[in-house]
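Structural overview for review
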Amino acid sequence: MASNASDAPVIGISCYRESAAWGVWERPAALLPAGYLDAVTAAGGIPVLLPPGATAARVLPRLDGLILAGGADIDPQRYQAPPHEHTTGIRPDRDSSELALLYHALDRRTPLLAICRGAQLLNVGLGGTLHQHLPEVLGHRDHQPAPGRFGRTTVRLEPGCPPATLLGEKIEVSCYHHQAIDRLAPGLEAVGHAADGTIEAVRQPSHPFALGVQWHPEEDTADPAHPSAPLFAALVTAARGATA
């Protein structure tokens, strides 16, 4: 149930800076799929977009929680790897901004939900690496079946810890990624896997609420009964507690 506006926590969500078209206009824009906003609002939070260039040291103290959203591939230089031919759309400004947000959120123990690219950034930011093109690793394209089309993946979650305590030990989810976590960063724990072994969920056990999911829960929570919806509710609850 949504809270009253007076006590609703403010949830910052990182977003894209891309060329976009609307009405008669085609301009550079700060944008984000509305599913993120709807999911936070439905959970009782106030969503605020954080475009690339947001200064973490000034922004984070004004936020009660943080979502690192999906998007383009992370620059492989961030994990000391040469770029793969299929690593595309790199946005160095977004990498820099979101890493600054990530580090401040971890240092301040701000509740954090990292989604798709966000989960990868959480891993890279703490010293892990990525598979740059999963079809070469797995031999299939199930995680990103076609441009602009989400795949469906069944994820098994480790019992007894988040996110299994929120979602159950098995969940079918929407996914759209051709990269994923390879070497897990120190301090992170893998708590969810697809049947093909892909890491689908991570957490930082030393943090009050720091979860990363490789899938796109915002695509599923248009249905409030979908099993992914409790992720956003838990983030908002943790954010509300952080302000108490």
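Residue positions are given per chain, counted from 1 along the sequence in the order it is written. With the structure being a predicted model, the display of local features is reserved for residues of pLDDT at least 70 and the display and counting of side-chain atom pairs for 80 or more, all residues being used for whole-chain, interface and lining totals. The side-chain figures draw on all heavy atoms in the structure; neither hydrogens nor water molecules are used.

On to the side chain of Gln 120. Helix and strand definitions here come from DSSP, where helices need a minimum of 4 consecutive H or I residues and strands a minimum of 2 consecutive E residues; each element is numbered from the N-terminal end. For Gln 120, the position within the fold is in helix 4 (residues 117-125). Sequence-distant contacts of Gln 120, defined by excluding residues within four places in its chain, comprise Ile 74, Leu 130, His 177, Gln 179, Ala 180 and Gln 214. Every residue pair with non-hydrogen atoms within 4.5 Å of one another is taken to be in contact.

So, about unusual backbone geometry. Note that the residue after Pro 162, namely Pro 163, is joined by a cis bond; omega there is 5°. In this structure, Pro 163 sits in the loop between strand 8 (151-157) and helix 6 (164-167). Phi is positive for Arg 109, which is not a glycine, with a value near 60°. Along the chain, the position of Arg 109 falls in the loop between helix 3 (92-108) and strand 6 (112-115). Residue burial is assigned from relative accessible area. The probe radius is 1.4 Å, only protein chains are included, and a residue is buried under 20% of its type maximum, exposed over 50%, and partly exposed in between. Look at Arg 109 and you get partly exposed, because its relative accessible area is 45%. At Cys 116, a residue that is not glycine, the phi angle is positive and equals roughly 55°. Note on placement: Cys 116 falls in the loop between strand 6 and helix 4. Note on Cys 116: relative accessible area 5%, which makes it buried.

This next bit is on the packing of helix 3 against helix 4. The axes used here are C-alpha line fits, helices contributing only the stretch in contact, and every angle between their N-to-C directions lies in the interval 0 to 180 degrees. Close contact between helix 3 and helix 4 brings their axes to 10 Å; oriented N to C, the two are set at 70°. One finds that helix 3 runs roughly perpendicular with respect to helix 4. Contact residues: Arg 94, Asp 95, Glu 98, Leu 99, Leu 102, Tyr 103 and Leu 106 in helix 3; Arg 117, Leu 121, Leu 122 and Gly 125 in helix 4. Following the grouping adopted for this structure description, the nonpolar residues are Ala, Val, Leu, Ile, Met, Phe, Trp, Tyr, Cys and Pro, the charged ones are Asp, Glu, Lys and Arg, and the polar ones are all others, Gly among them. A breakdown of the residues in the contact of helix 3 with helix 4 according to their chemical character gives six nonpolar, one polar and four charged. Here the angle decides the label: under 35 degrees means roughly parallel, over 145 means roughly antiparallel, 65 to 115 means roughly perpendicular, and every other value means oblique.

Our next topic: the sheet that holds strand 4 (residues 46-50). Spatially, 4-1-5-6-13-12-11-8-9 is the arrangement adopted by the nine strands of the open sheet, whose pairing is mixed. The sheet is open, and its two edges are formed by strand 4 and strand 9 (170-175), each paired on a single side. The sheet shows a mean angle of 25° between the axes of neighbouring strands, taken without regard to direction. Two strands qualify as a pair provided that DSSP identifies no fewer than 2 bridges between them. One ladder, built from three bridges, connects strand 5 (residues 65-68) with strand 6; its direction is parallel. Bridged to Leu 68 within strand 6 is Ala 114. Strand contacts of helix 3: strand 1 (10-14), strand 4, strand 5, strand 6 and strand 13 (210-213), with the helix running at about 145° to strand 5, the strand carrying the most contacts. The strands touched by helix 4 within the sheet are strand 5, strand 6, strand 12 (199-203) and strand 13, with strand 6 carrying the most contacts at an inclination of about 110°.

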